[in-house]
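# Results of the structural survey
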Amino acid sequence: EDEARLREDIVSFLERLAPSTGGYKHNDLELRPASEKDRAAIDRNWMSKGKGTLEEFMAQEPRNAHSHLLAMTIGQSETIP
């Protein structure tokens, strides 16, 4: 159902499910990359493409763990206006 108050309920529910202000390990940018695999992925997708240094990558990296968690929950084929 496409109802304004239901859309507000959905936003409220999702914010409670994965609050953007939550204390997520993914958002601890100063502790990343946490493994050689993580470092290799940054090198493959950023540094080896001439986009910049590791420090420059980390400076532009958002604190977005809540977005990843919500994407796992909702899936990628859903659109919420």
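Residues numbered from 1 in each chain as written. Predicted model: local features only at pLDDT ≥ 70, side-chain atom pairs only at ≥ 80, totals over all residues. Heavy atoms only, no water.

## With respect to the side chain of His 66
Tracing the backbone through its elements, the reader meets His 66 in helix α4 (residues 65-74). Residues contacting His 66, with those up to four places away along its chain left out, are Ala 18, Pro 19, Ser 20 and Tyr 24. (Helix = DSSP H or I, 4+ residues; strand = E, 2+ residues; numbered from the N terminus. Contact = heavy atoms within 4.5 Å.)

## Brief notes about the pattern of salt bridges
The tally for this structure, following the rule as stated, stands at two salt bridges. Between Asp 2 and Arg 7 there is a salt bridge, and its shortest N-O distance comes to 2.3 Å. Take Asp 2: its relative accessible area is 64%, and that puts it in the exposed class. A salt bridge links Arg 32 to Glu 61, with the nearest nitrogen and oxygen atoms 2.9 Å apart. Residue Arg 32 is located in the loop between α1 (4-17) and α2 (36-45), and its partner Glu 61 is located in the loop between α3 (54-60) and α4; the two are separated by 29 residues in the primary sequence. The exposure class of Glu 61 is buried, given its relative accessible area of 16%. (Salt bridge = Lys/Arg side-chain N within 4 Å of Asp/Glu carboxyl O. Buried < 20%, exposed > 50% of the residue type's maximum accessible area, 1.4 Å probe, protein only.)

## Describing the nonpolar core
One finds Leu 29, Ile 42, Trp 46, Leu 54, Phe 57 and Met 58 forming the largest nonpolar core, which totals six residues. Considering every element that reaches this core, the biggest residue donor is α3, with three residues. In this structure, Leu 14, Ala 18, Tyr 24 and Leu 70 belong to the second largest nonpolar core, which totals five residues. (Core = buried A, V, L, I, M, F, W, Y, C linked by side-chain atoms within 4.5 Å.)

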